[in-house]
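Residue-level structural notes
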Amino acid sequence: MSMNIPTPHIEVKDKGVIADTVLMPGDPLRAKFIAEKFLENVEQFNSVRGMLGYTGTYKGRKISVMGSGMGMPSIGIYSYELYAFYDVKRIIRIGSCGAYTEDLDVYDVLLVDEAWSESSYAKTQSGYTSDTTYATPKLNDKLANIAKVLDIPVKRGKIHSSDVFYRQDFNVYKNIRDQYGCMAVEMESFALFANASILGKEASCILTVSDSLVKGDVTTSEERQNSFVKMMEIALEMAE
Ligand code: HPA
């Protein structure tokens, strides 16, 4: 598809304003929080639909951060526009997830290698028929290495990207965990990885456990906004 910038959902007119690496939290206010707390020389490049995007420097290196919204249609639109029309090279989703296994506690940090989904996103988008999409292995190895250097424990593996937050049958998660080997659930990675793959770009996802479906632990939205700093510090090191 050929399209000019600005795109329907991103208003900045100069491609160069957006860095090669974009961090994407789901919540645009979390993007604002990251820009204000961690970045210098901050420039806001988007506010269309309140989907705030910023570019700045982290330890003197350029990086952007922008909200993705919730769910695969939303991250599908924003990541496609960033990759295809703004020449962004890599997107690292930084999000929250619900734990499917006893082994995970709230605030654990996960590095996602694979996303399983019942979503039709990839099939509709490109004819891709597998139910699993993959993070970029080289990028994940870099992120794992950064985590090691920062002494932040991360668990690597497969997660469930779901289209539904409120299921009629809560217990369905147990089948998905046992049948597909998913350790946690979120709602975006499958589509992000699908877009990166068809466009020849890099993608990864780091998640902080915000709640446990097994143990019933939950965090408040304020804690989510303010305490997910470890995950952010790993991703911010990808600034160049
Ligand atoms: N389900 C889906 N997405 C999520 C959850 C959940 O329980 N927690 C955080 N993101």
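Above this text sits the structure in question.
Here the structure is a predicted model, which is why all the values come from computation and not from measurement. (Residues numbered from 1 in each chain as written. Predicted model: local features only at pLDDT ≥ 70, side-chain atom pairs only at ≥ 80, totals over all residues. Heavy atoms only, no water.)

**Remarks on helix α2 (residues 72-85)**
Its 14 residues place the ends of α2 19 Å apart at the C-alpha level, agreeing with the 20 Å of an ideal helix rising 1.5 Å per residue. Burial within α2 is extensive, with 11 of its 14 residues counted as buried. Here α2 has its buried residues at Met72, Ser74, Ile75, Gly76, Tyr78, Ser79, Tyr80, Glu81, Leu82, Tyr83 and Phe85. A positive phi of about 60 degrees marks Asp87, the residue just after α2. (Helix = DSSP H or I, 4+ residues; strand = E, 2+ residues; numbered from the N terminus. Expected span 1.5 Å × (residues − 1). Buried < 20%, exposed > 50% of the residue type's maximum accessible area, 1.4 Å probe, protein only.)

**Comments concerning the site of the ligand**
In the vicinity of the ligand, the residues found are Ser96, Cys97, Gly98, Phe165, Val185, Glu186, Met187, Ser210, Asp211 and Leu213. At 3.5 Å from a nitrogen atom of the ligand is found a main-chain nitrogen or oxygen belonging to Ser96. Calculation on the ligand without its partners gives an accessible area of 260 Å², and the protein chains cover 87% of this total. Secondary-structure elements contributing two or more residues to the shell around the ligand are β5 (90-99), β9 (184-186) and β10 (202-212). Grouping the amino acids of the shell around the ligand by side-chain chemistry returns five nonpolar, three polar and two charged. (Near = heavy atom within 4 Å. Polar contact = N/O pair within 3.5 Å; in protein donor to acceptor, adjacent residues only side chain to side chain. Areas by Shrake-Rupley, 256 points an atom, 1.4 Å probe, with all protein chains shown as cover. Nonpolar A, V, L, I, M, F, W, Y, C, P; charged D, E, K, R; others polar.)

**Overview of unusual backbone geometry**
For the bond from Ile5 to Pro6, the omega torsion is -5 degrees, close enough to zero to count as cis. Take Pro6: it is sitting in the segment before β1 (21-24). The backbone of Asn41 sits at a positive phi, close to 55 degrees, despite the residue not being glycine. On the secondary structure map, Asn41 appears in strand β2 (residues 40-46). Of note, the phi angle at Asp87 is positive, near 60 degrees, even though the residue is not glycine. On the secondary structure map, Asp87 appears in the loop between α2 and β5.

**Examining the packing of α2 against helix α6 (residues 189-199)**
Taken N-terminus to C-terminus, the directions of α2 and α6 make an angle of 30 degrees; their axes are 8 Å apart at the nearest point. It follows from the interaxial angle that α2 and α6 lie roughly parallel. Our pair here, α2 against α6, has a crossing hand that is right-handed. Only Phe190, Ala191, Leu192, Asn195, Ala196, Ile198 and Leu199 of α6 make contact with α2, whose side of the interface consists of Met72, Ile75, Gly76, Ser79, Tyr80, Tyr83 and Ala84. Taken together, the residues that form the contact of α2 with α6 break down as 11 nonpolar, three polar and no charged. (Axes fitted to C-alpha atoms, helices over the stretch in contact; angles between N-to-C directions. Parallel < 35°, antiparallel > 145°, perpendicular 65-115°, else oblique. Left-handed = near helix turned anticlockwise from the far one by under 90°. Contact = heavy atoms within 4.5 Å.)

**Some details on the environment of Lys142**
Counting through the fold element by element, Lys142 comes out in helix α4 (residues 137-149). Assessed through its relative accessible area of 41%, Lys142 is described here as partly exposed. Along the backbone, Lys142 and Ala235 are 93 residues apart, and their C-alpha atoms lie at a distance of 10.0 Å.

The quantities given are spatial measurements derived from coordinates; they are silent on function.
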